[in-house]
Amino acid sequence: IQGIIAKLPYILSLNVDAIWLSPFFTTPLKDFGYDVSDYKNVDSRFGSLSDFDELVRLAHENGLKVIIDQVYAHTSDKHPWFQESRLDRENPKNDWFIWADAKADGSAPNNWLSIFGGQAWRWEARRAQYYMHTFVPEQPHLNFHCPAVRAALLDVLRFWLQRKVDGFRLDTVNFYYHDAKLRNNPPLSEGLGLGLLASNGFNPYAFQRHLYDKNRPEMLSFLEDMREIMDEYGDITTIGEVGDDQIGLEIISKYTCTSKEHRPRLHTCYGFDFLQHKFSVEHFKHTLEKFIALAQGKSWICWSFSNHDVMRSLSRWGAIVFDDLQKNEETKLAFKQGEFSKLILALLASIQGMICIYQGEELGLAEAEVAPQDMQDPFGIYFYPEYKGRDGCRTPFPWNSKQQHVGFSKAKKTWLPSYLPHAKHAGDAQEKNENSVLHFTRQFLAWRKNRACLKTGDMQVLRAAAKVLVLRRKLHEEKIDCIFNFSSETTVYRHAEHTQELLFEQGLESRQAQDFTLLGFGFIFLA
């Protein structure tokens, strides 16, 4: 936390509005801190509660908001709640977690699976029952059908609100409730697609339709209870992570819908629609138009192209768009990657909704390579080598290009090793280059701050053809057309309307009347 405090000037220089902190609570660190053993304390590896209070104070003094992760679907198996619950079937917390008897043959209660591999049940001999875990076995799932559990978690929410946080990112928000009857999930029907987790067929979790272990209708009333508490504290926001790449947009529209028929729910959610290995004009058109139809002006969304759970977008999408470049064209490739990184940032910041920029995107970082012996992610360890896990996007941030450890740690060995190829893209190196992705990020986000149309305006997909995507943002009488060249090659785009003003451009080679010649990954904004 003190490291974050030291880097606040850098964060402020990016012209962002808030920072989102991944879990810093007391944890055995079995899953990157998403296994919480004390919801109301800071793990000593990261600092103290006084350090956190100082961070919030300094951020607020500089006009920066602080959003923190909340992990409510499960705890660590070291949490006192679970330690008590597992003792027997009579203790006060006996129903705080999802316990179930074995079948007559001793096997698990149903066919539910863990995302991290195998069944979602582990045997506890003291109770002679199974408990459910959606992720690693050390993350037992809380029972939201228990009123005391819901009350305890709402108390945690109040604890951090009283410490003046500005909002919450709610981990796996659609996983909270389970089917009380423990019914089996049916197989996934054709047409829904296997989704992100079924890449190369390595993960059987993706072969079920998850009707009963998540996305339960009981969730809606709990979201309304959460919102009621947050509304007591003024300008607070919530970002729900919807972990479902099959029907994520449908869930998001329900969780964030504003209408007279129910109490307010979450402010916004994000899904995995743009966190997959899909980069095409057609995919963007389909996803954005689907959300517009579902939202109907009553729902707000948060978009991200990278985060701590997926391969960095430059590598994930670069494998698709750089096929036309030969490996021996390293100089050309490096230039194209920089231009592509700028396109990604501009595209993200042009879509209707809230946006999250994952640390390193403002530098145009590619995925790091982590040796098997250095891996920390249980997801990757379980499925290696078919899937290398999430360590490659979690290596230390490259602040300094001249140190062996490019991050700010002085330790001889960090949790994950620094990825030395990142050094040439380090913050100090990009500060000296006016054409760097870092300088572009600052410039573009500063320009966007003064464009209300891009922040809160309506959105329409005007064109999606010939590798050119055109979005129209409109707010009252103001409109901005955002034109993006998805190709690495020069493209001529003819604007259908006579335009009066070119507002912003990157990679515009020439203009003649309504014809705009865009270099590879170039883009323009027209009034």
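Everything discussed here concerns the structure shown above.
Just so it is clear, the model here is predicted, and its values are computed rather than measured. (Residues numbered from 1 in each chain as written. Predicted model: local features only at pLDDT ≥ 70, side-chain atom pairs only at ≥ 80, totals over all residues. Heavy atoms only, no water.)

Novice: Quick question: what am I supposed to make of the overall build of the protein chain here?
Specialist: If you tally the helices and strands in the protein chain, you get 14 helices and 18 strands. For 527 residues, the compact-globule formula gives about 24 Å, and the C-alpha radius of gyration of the protein chain, at 24 Å, lands near that figure. With the C-alpha coordinates of the protein chain rotated into their principal frame, the extents come out at 80 × 55 × 45 Å. Counting all 527 residues of the protein chain, 57% fall into the buried class. (Helix = DSSP H or I, 4+ residues; strand = E, 2+ residues; numbered from the N terminus. Rg over C-alpha atoms; globule rule 2.2 N^0.38 Å. Buried < 20%, exposed > 50% of the residue type's maximum accessible area, 1.4 Å probe, protein only.)

Novice: Quick question: what am I supposed to make of unusual backbone geometry here?
Specialist: Peptide bonds are trans in most cases, and residues, glycine excluded, mostly fall at negative phi. Residue Pro385 follows Tyr384 across a cis peptide bond; omega there is 5°. Considering the arrangement of structural elements, one finds Pro385 in the loop between helix H11 (378-383) and helix H12 (427-431). Of note in the backbone geometry, Asn215 takes a positive phi value of approximately 60° without being a glycine. Inspection of the secondary structure assignment puts Asn215 in the loop between strand S8 (167-170) and helix H6 (219-230). For Ala466, which is not glycine, the phi dihedral falls at a positive 50°. One can find Ala466 in the loop between strand S13 (458-465) and strand S14 (468-475). Ala466 gets classed as exposed once you look at its relative accessible area, which sits at 58%.

Novice: Explain the sheet that holds strand S7 (residues 129-132) to me, please; I cannot follow it from the model alone.
Specialist: Strand pairs in the sheet, formed through backbone hydrogen bonds, run parallel or antiparallel to each other. Pairing is antiparallel in the open sheet, where 3 strands are placed in the order S5-S7-S6. One side of each edge strand has no neighbouring strand; the edge strands of this open sheet are strand S5 (99-100) and strand S6 (121-124). (Pairing = 2+ DSSP bridges.)

Novice: Honestly, the environment of Asp17 in this entry has me stumped. Any pointers?
Specialist: Note that Asp17 resides in the loop between helix H2 (8-13) and strand S1 (18-21). Linking Asp17 and Lys65, residues 48 residues apart in sequence, is a C-alpha distance of 6.4 Å. When near neighbours in sequence (up to four residues on either side) are disregarded, Asp17 contacts Gly63, Leu64, Lys65 and Lys449. A distance of 2.6 Å separates a polar atom in the side chain of Asp17 from a polar atom in the side chain of Lys449. (Contact = heavy atoms within 4.5 Å. Polar contact = N/O pair within 3.5 Å; in protein donor to acceptor, adjacent residues only side chain to side chain.)

Novice: Before we go on, may I ask you to explain the environment of Phe144 in this structure?
Specialist: With respect to the secondary-structure elements, Phe144 resides in the loop between S7 and helix H5 (147-161). For Phe144, a relative accessible area of 0% puts it in the buried group. If we ignore the near neighbours within four places in the chain, the residues touching Phe144 are Tyr72, Ala73, Arg150, Leu153, Tyr176, Tyr177 and Phe222.

Novice: How do you make sense of the layout of surface pockets when you look at a structure like this?
Specialist: Empty space left among the atoms is revealed by rolling a probe the size of a water molecule over them. Taken as a whole, the second largest pocket spans an internal volume of roughly 1,200 Å³. As for the second largest pocket, its lining consists of 40 residues, of which Leu333, Ala334, Gln337, Gly338 and His425 are closest to the centre. Of all the secondary-structure elements, those providing two or more residues to the lining of the second largest pocket are helix H9 (313-321), helix H10 (330-348), H12, helix H13 (437-449) and strand S17 (502-512). Considering only residue class, the lining of the second largest pocket consists of 16 nonpolar, 16 polar and 8 charged. (1 Å grid on protein atoms, 1.4 Å probe; cavity = no way out; pocket = protein on both sides within 12 Å on 5 of 7 lines; lining within 4 Å. Points joined across faces, edges and corners; volume = space filled by probe spheres on them. Nonpolar A, V, L, I, M, F, W, Y, C, P; charged D, E, K, R; others polar.)

Novice: For this particular structure, what's the right way to read the pairing of S13?
Specialist: Each regular strand carries side chains that alternate between the two faces of the sheet. The pairing of S13 with S14 spans 7 bridges and is antiparallel. Of the residues in S14, the one forming a bridge with Met459 is Arg473. Taking the residues between adjacent antiparallel strands as the criterion, S13 and S14 are bridged by 2 residues, where Ala466 takes a positive phi near 50°.

Novice: Please explain empty space enclosed by the protein as it appears in this structure.
Specialist: All told, the structure shown has 3 cavities of 30 Å³ or more when counted by the stated rule. Size it by volume and the largest cavity reaches roughly 80 Å³. Arg312, Ser313, Leu314, Ser341, Ile344, Leu345, Gly360, Glu361, Gly364 and Leu365 together form the lining of the largest cavity. When residues of the lining of the largest cavity are traced back to their parent elements, those giving at least two are H9 and H10. Per-element accounting of the lining of the largest cavity gives the leading share, 3 residues, to H10. Residues that form the lining of the largest cavity fall into these classes: 4 nonpolar, 4 polar and 2 charged. Put simply, the second largest cavity is a space of about 50 Å³. In this structure, the second largest cavity is lined by Tyr270, Gly271, Asp273, Phe274, Ile301, Cys302, Trp303 and Ser304. Broken down by element, the lining of the second largest cavity gets its largest block of residues, 3 residues, from strand S11 (residues 302-304).

Novice: Which parts of the structure should I look at to understand the sheet that holds strand S9 (residues 237-241)?
Specialist: One open sheet accounts for 5 strands, arranged S1-S4-S8-S9-S10; its pairing is parallel. Two strands in the sheet have a free side with no partner beyond their single neighbour: S1 and strand S10 (268-270). In this sheet, neighbouring strand axes are inclined to one another by 20° on average, regardless of whether the strands run parallel or antiparallel. Here 4 bridges tie strand S4 (residues 65-70) to S8, and the two strands are oriented parallel to one another. Bridging from a neighbouring strand, Asp69 pairs with Arg169 of S8. (Axes fitted to C-alpha atoms, helices over the stretch in contact; angles between N-to-C directions.)

Any functional reading would require information that these geometric values do not contain.
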